[in-house]
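The lines below spell out each chain.
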Amino acid sequence: MNDKTKISLVGLDSLRILGLRILLAEEKDCQTDNFSSFGDFEPFSDKAAGYIVAGKVFMENLDFFLPRKSRTLVVAEGKGEKAAPAGIGFIYPEADETEIKANIARFVKSLRGGEPHGELSAREVEVLRLIAKGKINKEIADELCISINTVITHRKNLSSKLGVKSASGLSLYAMMNGII
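All figures in this text were calculated on a predicted structure; none of them were measured in a lab. (Residues numbered from 1 in each chain as written. Predicted model: local features only at pLDDT ≥ 70, side-chain atom pairs only at ≥ 80, totals over all residues. Heavy atoms only, no water.)

Student: Any details on the packing of aromatic side chains? Residues and values, ideally.
Tutor: Taken as a whole and judged by the stated rule, the model has 13 aromatic pairs. Considering the side-chain rings of Phe41 and Phe65, the 6.5 Å spacing of their centres and the 10° angle between planes classify their relative orientation as stacked. Placement of Phe41 in helix H2 (residues 38–41) and of Phe65 in helix H4 (residues 62–65) is noted, with a sequence separation of 24 residues between them. Ring-pair connections join several aromatic residues into one group, and the members of that group are Phe35, Phe38, Phe41, Phe44, Tyr51, Phe58, Phe64 and Phe65. If you follow Arg68 out to its NZ or CZ, it ends over the ring of Phe64, 3.9 Å from the centre. (Phe/Tyr/Trp six-rings, centres within 6.5 Å; stacked < 30°, edge-to-face > 60°. Helix = DSSP H or I, 4+ residues; strand = E, 2+ residues; numbered from the N terminus. Lys NZ or Arg CZ within 6 Å of the ring centre and 35° of its normal.)

Student: Hey, could you go over a nonpolar patch on the surface for me, with residue numbers and the actual values?
Tutor: On the surface, Leu15, Leu18 and Ile22 cluster together into a nonpolar patch covering about 340 Å² of accessible area. Note on Leu18: relative accessible area 52%, which makes it exposed. (Patch = residues over 30% accessible without salt bridge, like charges linked within 9 Å, V, L, I, M, F, W, Y side chains within 5 Å. Areas by Shrake-Rupley, 256 points an atom, 1.4 Å probe, with all protein chains shown as cover. Salt bridge = Lys/Arg side-chain N within 4 Å of Asp/Glu carboxyl O. Buried < 20%, exposed > 50% of the residue type's maximum accessible area, 1.4 Å probe, protein only.)

Student: Report on helix H5 (residues 97–111), specifying residues and quantitative values.
Tutor: Taking 1.5 Å as the rise per residue, H5 with 15 residues should run 21 Å; its terminal C-alpha atoms sit 21 Å apart, in good agreement. In this fold, the buried residues of H5 make contact with strand S1 (5–10), helix H1 (14–26), strand S2 (30–35), strand S3 (50–54), strand S4 (72–75) and strand S5 (89–91). (Expected span 1.5 Å × (residues − 1). Contact = heavy atoms within 4.5 Å.)

Student: Break down the packing of helix H6 (residues 122–132) against helix H8 (residues 148–162) for me, citing the residues and quoting the values.
Tutor: Contact pair H6 / H8: the axes reach a minimum separation of 10 Å and the direction vectors enclose 95°. For the element pair H6 / H8, the angle class is roughly perpendicular. Between H6 and H8, the residues in contact are Arg123, Glu124, Val127, Leu128 and Ile131 and His154, Arg155, Asn157, Leu158, Lys161 and Leu162, respectively. Here the residues of the contact of H6 with H8 sort into five nonpolar, two polar and four charged. (Axes fitted to C-alpha atoms, helices over the stretch in contact; angles between N-to-C directions. Parallel < 35°, antiparallel > 145°, perpendicular 65-115°, else oblique. Nonpolar A, V, L, I, M, F, W, Y, C, P; charged D, E, K, R; others polar.)

Student: Just give me the short version of the packing of H6 against helix H7 (residues 137–144), but keep the residues and values in it.
Tutor: Following both chains from N to C, one finds H6 and H7 inclined at 130°, their axes separated by 10 Å at the closest point. In terms of orientation, H6 lies oblique with respect to H7. Both H6 and H7 take part in a crossing whose hand is right-handed. Seen from H6, the contacting residues are Arg123, Glu126, Val127, Leu130 and Ile131; seen from H7, they are Ile140, Glu143 and Leu144. Residues that form the contact of H6 with H7 fall into these classes: five nonpolar, no polar and three charged. (Left-handed = near helix turned anticlockwise from the far one by under 90°.)

The following block contains the structure:
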């Protein structure tokens, strides 16, 4: 029986494919398939556990990739803004090797059954759900039977882990990731 995590590389140039294969080889039990275009990939799409795709391929095929965003890692085409849509993993060409390796390791871990919402604890997911429902800190504290200071700590941790500072941003993240 083959227990390897199968990852499809879609629409990437040869140099990026080579680099990703080297980095993925460091992750034990990963197997990659390469497809030059989405059309080549589509008949085999259900056989992969995850997808690493070129930004252009991702944008042209949002209807396929958005429902699978937790299993998709997008390789940015060039220098650009660091603001990625919530819930979608990105690799930026200007990032250093350590950052790229960390992104790939997190991605592979999530494919293998890591925590369902990245690195969020169950309590942080509960707090996020209540924030998205429009509750203020006191209401969250009362509902979860915790102190206001604990709620504030959870909010700080959420902001740090997700890179989202505002309540509206956290609400949008919760909606896009099926938390509410």
